[in-house]
Structure formats: C-alpha cells, structure tokens
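Chain by chain, the residues run as shown.
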Amino acid sequence: SLNKHFDSRKLASSREELRSLIEHIYGSVSSGKTISEAITSSLRGAAILFGTRSKAVNAVESFSRSGNIGVPLSERLRLLSVHFKCPESAMIFDMLASAEIIGTDIVTILKQELTLLTDMITSAKAISSEFSQKKSEALIMSAMPFFIAWNLQLSFPAYFIDVQNDPTGRLCFAVIFIIC
C-alpha cells in the first residue's frame, strides 16, 4: 500500500513536470522556435520550477547534450521521453518527432496534448481527494458504534449491566468489538 502511494506520487510529479515542459514547448513553438530550440530553452524554467535535480531538468540537459553531438531529433525525443515516468510521455514525444518529419502542425498537437495532460492531472487530483474523503468517512463510521455504546453507558449505566454480567453477553460484546 505504501509502495502504491509513492508510485502514484511519482507518477503525479512526473506528469506535472511533463505538463510544464509541454507548456513551455507550446509557447516557444507558437512564437516561431523549432522543437529542439523550444526544449533546450526550457532548461532554465524547469530548473526554477522543479529544482536542478528534477527529472525534467535532467531530461532537458540530456536532450541538449545529445543535440551537440549530432543525434537525430527523433532519437533525442525518444530519449527525452524515457526520463519521465508517465506512460503518455513516449506517445507525446513520438508524435512530436513524427510531426517534425511530416510537417504536421506542431502547435495543434502540443495544444491537444497539453489539454490531455491537464485533464489527466485534474482527474487524478479529484479521485485522490474523493478517496481521502471516503477514508475519513469510513473511519468516522467505524467509530460510531463505540461512541454510541460509550454514550449509552454514560447516560444509562444500568442498560448494559445484565449483558456485562452474563458470559454469553461478554462474548457477544467481544465479537461485536472485533467486527467493528
């Protein structure tokens, strides 16, 4: 359970970093930069937002270094997607590589992927919030029988005397408390 919690936090963090990077690429490509220039220029912003040790910063640094040694853009984008721990990153960067080769409108693709990532993040937060609320409700509901029994004991002390003195009654109380 704890591992699932940490994995979901890593996934959420990775999606946030990817969304931020896609936002920056979208803005830069919209203003006339190439994909490569847009990704490379996002390094400073990613370092400010997520710190110098984040996956996004490491990914962009690796992308920039591989461009300096002549690695093709499609391979650089594939390597960039590996740094993010969310499954949609590979699809997004593959689409960008294909769009660059074919000449498809990259801005439209980036806008659609940005909307998709934002919706995924919002949905995940809503689900997490609802799950936390349900856990709190379950905790309160499981405490209710004990609270009611305690309140009855305080209000009407003679109410439980017959049950408490009988061995079968004590056994029933023990079973009820174990079940609750």
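Worth saying up front: this structure is predicted, and the values here are computed from it rather than measured.

Student: Quick rundown of the environment of I35? Include the residues and the values.
Tutor: As for its placement among the helices and strands, I35 is situated in helix α2 (residues 35-41). Taking the C-alpha atoms as reference, I35 lies 42 Å from Q133; in sequence the two are 98 residues apart. In contact with I35, not counting residues within four places along its chain, are V29, L77, L96, E100 and I106.

Student: Break down the environment of S13 for me, citing the residues and quoting the values.
Tutor: With respect to the helices and strands, S13 occurs in helix α1 (residues 2-30). When its relative accessible area of 35% is taken as the criterion, S13 is described as partly exposed. Distance in space between the C-alpha atoms of S13 and T122 is 13 Å, their sequence separation being 109 residues.

Student: Any details on the packing of helix α5 (residues 73-82) against helix α6 (residues 88-102)? Residues and values, ideally.
Tutor: Packing of α5 against α6 leaves a shortest axis separation of 8 Å and a crossing angle of 165°. Classed by the angle they form, the pair α5 and α6 counts as roughly antiparallel. Handedness of the α5/α6 crossing: right-handed. Every residue of α6 that contacts α5 at L73, S74, L77, L80 and S81 is listed here: S89, A90, F93, L96, A97 and E100. Across the contact of α5 with α6, the residue classes tally to 7 nonpolar, 3 polar and 1 charged.

Conventions and cut-offs
Residues numbered from 1 in each chain as written. Predicted model: local features only at pLDDT ≥ 70, side-chain atom pairs only at ≥ 80, totals over all residues. Heavy atoms only, no water. Helix = DSSP H or I, 4+ residues; strand = E, 2+ residues; numbered from the N terminus. Contact = heavy atoms within 4.5 Å. Buried < 20%, exposed > 50% of the residue type's maximum accessible area, 1.4 Å probe, protein only. Axes fitted to C-alpha atoms, helices over the stretch in contact; angles between N-to-C directions. Parallel < 35°, antiparallel > 145°, perpendicular 65-115°, else oblique. Left-handed = near helix turned anticlockwise from the far one by under 90°. Nonpolar A, V, L, I, M, F, W, Y, C, P; charged D, E, K, R; others polar.

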